[in-house]
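Spelled out from the first residue to the last, the chains are:
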Amino acid sequence: MARLAEHQGKALLRDAGIPVPKGGVARSPEEAAKVATRIGFPCMVKIQAWATGRAAMGGVAVAKTAEEARDHAARMLAMKVGQFPVTEVLIEERLAFARELFVSFSIDDRERAPILLLSASGGSGVEERAAAVRRIACDVDTGPDTIVLDTAIESLGLAPAAASSVRSLVVKLFDVARRHEARSLEINPLALTQDGVAIALDCRVTVDDYAVFRHPDLGIDIARELDHPPTALERVAYAVEQSDHRGTFYFAQLAVCAADGSRGLIGFHGAGGGGSMMSMDAVSAEGFTLADFTDTSGNPSPAKVYAAARLILAQPDLVGYFGSGSGVASQEQFWSAYGLAKAFWELELSIPAVIRLGGNTEDRAVEILQSATRGLPAIVEGYRKTDPPARIAARFTALVAQSKAGPWRPRHPRRPEFVGRGESISWPLRSGTLWIDRAAWSRNGPAIAARSNGLLRDDHGAPTRTLPDADFAQKDSDMIACEVECRRDGIDGLFVEIDIPNLAPLVAPYVAAERGCDGRCHDCPCRGGGRHKGAHADHHQEEDRGGAS
């Protein structure tokens, strides 16, 4: 189920005519002070996190002045809920109320129908008062039965005005849930003011994953259940998944730092759900903290596996890369090997990597991976289905312990010098662009063509395609394989450039920090990282003279 933040859910309620407190979202202390001043004092400051017990963790506070709102927001925006930072706070008017109720709609899978839950007391601890919660079956089209609903509201012992307000709110709430295909919509607490007006003080909404595409207005970035608001990397990964349906791809961040007493933070790359979970258990038992859970299965393309590896390695402070899946996957594992080998080469992998490539063509896959990464600073080892996850996890532990590399720092991929040059040949591919160096082709053309699966041929010293443009563009897997095979054999002149939209800006700050940039330049080797110290200072001296951008 996809979730909405509290402020997003309240926007739906407000649009449906359900009373909610006046409020606004802030993403900085200064913005919080401005919103609070506009709303008036006293006001509430609340973290926007997918977690219960926010008040107990210091995520809810009262502000009586703009300065207090700013200070509360500064403290809260420095908090983490679980492993992830708070990025938004909701500033709302503080309301006086006479009573708290609880109301929610949800889909009962056993009954295969919506269910209304109504309780005479709301707020924290409602789970412990489950026996006092009224459960009312609903028609999928018309909602709760009128007579049953009126009887339930009457049992709450409310004054007529309050009872009428609650009834009106419940009817509107069902309409909101139905219209937006919500799996659940909860208001806790539902406050009653002294004059009997029902107001939604808090709101939690989840939407059916398979319905999200019908509701772009909800602004849901990722149509699946997470325990935290989507991170920037998860948004990038989800876009990759949606743009290439060759196989499956799942990426979720689990941690941003190693747990106390851990051997370190590692990237995890699985292949097949059950085997991936078993492999996670094996490497976790060795004492590592998993930064992510990533899965590429269902015969993924090399481009998709490449993107997965790039995303895993966009996480800082990793001490190793552990890949292991089912071991009996009915997929051609050599395609995954090509994707991994390409990503590891481009990023000049320096931390140990252990990859279990069990399944079809596993011998070929292991040989490709190990030979194509032999010149890297890192030790990269491939394993087969006969190698149990526990055994390779133990080997991984030994490699990490022996490694002299420091914690991994995300970086931009390296590219051959001919990529992007006007004199080079470029052809579009489904996942990027194929670049061919004319000079290198004059030397290596027949050798490159021999590794292209019949898709390229030498025509009097120049490369040509053997398929029409549109058909050739779909052969990115073969061209990635051709690139890796050429590199294995020491043949240069061909490269597949794969762009992962919106990933470079997430990596740039780490590159800038490594090179001492001030964030000013755009075309220097930092790819937008900024002014350099030391060896790269000459670039900026030239820039200051107008000779560089």
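For strand 7 (residues 89–93), the buried fraction is high: 4 of the 5 residues fall into the buried class. Looking at chain direction, strand 2 (residues 23–26) and strand 7 are connected through 4 bridges and run antiparallel. Its bridge partner being in strand 7, Val25 is matched across the sheet by Leu90. For strand 3 (residues 43–47) and strand 7, the ladder comprises 5 bridges, and the chain directions are antiparallel. When the sheet's bridge partners are listed, Val45 is paired in strand 7 with Ile91.

Across its 12 residues, helix 15 (residues 504–515) extends 16 Å between first and last C-alpha, which sits within 8% of the 16 Å expected from 1.5 Å per residue. Within helix 15 the residues assigned to the buried category are Val507, Ala508, Val511 and Ala512. Looking down the long axis of helix 15, one finds its buried residues gathered within 145 degrees of arc, a one-sided arrangement. The positive-phi residue at the C-terminal boundary of helix 15 is Gly516, with phi of around 70 degrees.

The next thing to look at is the confidence of the model for the chain. Caution applies to low-pLDDT parts of the model: their predicted coordinates are not meant to be read in detail. Averaged over every residue, the pLDDT of the chain is 92; the share at 70 or more is 92%. Per-residue pLDDT stays below 50 along residues 525–549; that stretch engages in 61 contacts with residues further than four places along the chain or on separate chains.

Looking at where Arg14 falls in the secondary structure, it is placed in helix 1 (residues 6–15). Along the chain, Arg14 and Pro114 lie 100 residues apart, while their C-alpha atoms are 22 Å from each other. The contacts of Arg14, once residues within four sequence positions are left out, are Val20 and Pro21.

A word on the pattern of salt bridges. Counted under the stated rule, the structure contains 37 salt bridges. Between Arg465 and Asp469 there is a salt bridge; the shortest N-O distance is 3.1 Å.

Attention now goes to the packing of helix 7 (residues 273–285) against helix 11 (residues 389–402). Contact geometry of helix 7 with helix 11 gives a least axis separation of 8 Å together with a crossing angle of 40 degrees. It follows from the interaxial angle that helix 7 and helix 11 lie oblique. Seen from above, helix 7 lies across helix 11 with right-handed handedness. For the pair helix 7 and helix 11, the contacting residues are Met278, Ser279, Ala282 and Val283 in the first and Pro389, Ala390, Ala393 and Phe396 in the second. Looking at the contact of helix 7 with helix 11 residue by residue, the classes come out as 7 nonpolar, 1 polar and no charged.

It is worth spelling out the pairing of strand 25 (residues 432–436) at this point. Counting buried positions over the 5 residues of strand 25 gives 4, a clear majority of the element. Across 5 bridges, the pairing between strand 24 (residues 425–429) and strand 25 is antiparallel. Note that in strand 25 the partner of Ile425 across the bridge is Ile436. Hairpin geometry of strand 24 and strand 25 is characterised by an intervening segment of 2 residues between the two adjacent antiparallel strands. Pairing of strand 25 with strand 28 (residues 494–497) involves 4 bridges; the strand directions are antiparallel. Opposite Ile436, over in strand 28, you have Leu494 as the bridge partner.

Here we take up the state of the cysteines. As enumerated under the stated definition, the model contains 0 disulfides in all. With no disulfide partner, Cys486 has as its closest neighbouring cysteine sulfur the one in Cys482, 4.1 Å distant. Residue Cys486 is classed as buried on the basis of its relative accessible area, which comes to 2%.

Quick look at the sheet that holds strand 28 now. Taken in spatial order, the 3 strands of this open sheet run 24-25-28, and their pairing is antiparallel. Each edge of the open sheet carries a strand with a single partner, namely strand 24 and strand 28. Across the sheet, the axes of successive neighbouring strands diverge by a mean angle of 20 degrees, strand direction being ignored. Contacting strand 24, strand 25 and strand 28, helix 14 (residues 476–488) crosses the sheet at an angle of about 135 degrees to strand 28.

Turning to the packing of aromatic side chains, a few remarks are in order. All chains considered together, the criterion is met by 12 aromatic pairs. Centre to centre, the rings of Phe268 and Phe293 are 5.8 Å apart; their planes meet at 20 degrees, and the pair counts as stacked. Taken together, the positions of Phe268 in strand 16 (residues 264–270) and Phe293 in strand 18 (residues 292–297) put the pair 25 residues apart, joining distant regions of the chain. On the basis of relative accessibility, which here comes to 0%, the residue Phe268 falls in the buried class. You can call Phe293 buried: its relative accessible area is 13%. Pairing Trp345 with Phe495 gives two aromatic rings, centres 6.4 Å apart and planes at 55 degrees, and the pair type is tilted. One end of the pair, Trp345, is in helix 9 (residues 333–346); the other, Phe495, is in strand 28, and 150 residues separate them in sequence. Among the residues examined, Trp345 registers a relative accessible area of 18% and is labelled buried.

Turning our attention to the sheet that holds strand 4 (residues 60–63). Strand pairing in a sheet takes place through backbone hydrogen bonds and is either antiparallel or parallel in direction. Across the sheet, 4 strands lie side by side as 2-7-3-4; this open sheet has antiparallel pairing. Where the open sheet ends on each side, the last strands, each with one partner, are strand 2 and strand 4. Averaged over neighbouring strand pairs, the angle between their axes works out to 25 degrees when direction is ignored. Along the sheet, helix 2 (residues 29–39) contacts strand 2, strand 3 and strand 7; its crossing angle with strand 2, the most-contacted strand, is approximately 175 degrees. Lying over the sheet, helix 3 (residues 66–76) contacts strand 3, strand 4 and strand 7, oriented at roughly 160 degrees with respect to strand 4.

Right, let's get into helix 10 (residues 362–372). Looking at helix 10, one finds that the buried residues are Glu362, Ala365, Val366, Ile368, Leu369, Ser371 and Ala372. Buried residues along helix 10 sit against helix 9, strand 21 (353–356), strand 22 (359–360), strand 23 (380–383) and helix 14.

Moving on: the nonpolar core. Counting residues in each nonpolar core, the largest one holds 74 residues, and the members touching the most others are Phe344 and Leu349. One finds Cys138, Leu173, Phe174 and Leu226 within the second-largest nonpolar core, a separate group that totals 48 residues.

Note on backbone geometry: most residues besides glycine have negative phi, and most peptide bonds are trans. For the bond running from Phe41 to Pro42, omega is -5 degrees, close enough to zero to count as cis. Omega for the peptide link from Asn188 to Pro189 comes to 10 degrees, which places this bond in the cis form. Locating Pro189 in the fold gives a position in strand 12 (residues 182–192). The backbone phi angle of Arg112 is positive, close to 55 degrees, even though this residue is not glycine. Mapped onto the elements of the fold, Arg112 is located in the loop between strand 8 (99–108) and strand 9 (113–119). Positive phi is not limited to glycine here, since His460 has a value of about 55 degrees. Examined against the element boundaries, His460 turns out to sit in the loop between strand 26 (456–459) and strand 27 (462–465). A relative accessible area of 81% places His460 in the exposed class.

Rules of the game
- Residues numbered from 1 in each chain as written.
- Predicted model: local features only at pLDDT ≥ 70, side-chain atom pairs only at ≥ 80, totals over all residues.
- Heavy atoms only, no water.
- Buried < 20%, exposed > 50% of the residue type's maximum accessible area, 1.4 Å probe, protein only.
- Helix = DSSP H or I, 4+ residues; strand = E, 2+ residues; numbered from the N terminus.
- Pairing = 2+ DSSP bridges.
- Expected span 1.5 Å × (residues − 1).
- Arc of directions from axis to C-beta.
- pLDDT = per-residue confidence, 0-100.
- Contact = heavy atoms within 4.5 Å.
- Salt bridge = Lys/Arg side-chain N within 4 Å of Asp/Glu carboxyl O.
- Axes fitted to C-alpha atoms, helices over the stretch in contact; angles between N-to-C directions.
- Parallel < 35°, antiparallel > 145°, perpendicular 65-115°, else oblique.
- Left-handed = near helix turned anticlockwise from the far one by under 90°.
- Nonpolar A, V, L, I, M, F, W, Y, C, P; charged D, E, K, R; others polar.
- Disulfide = S-S within 2.5 Å.
- Phe/Tyr/Trp six-rings, centres within 6.5 Å; stacked < 30°, edge-to-face > 60°.
- Core = buried A, V, L, I, M, F, W, Y, C linked by side-chain atoms within 4.5 Å.

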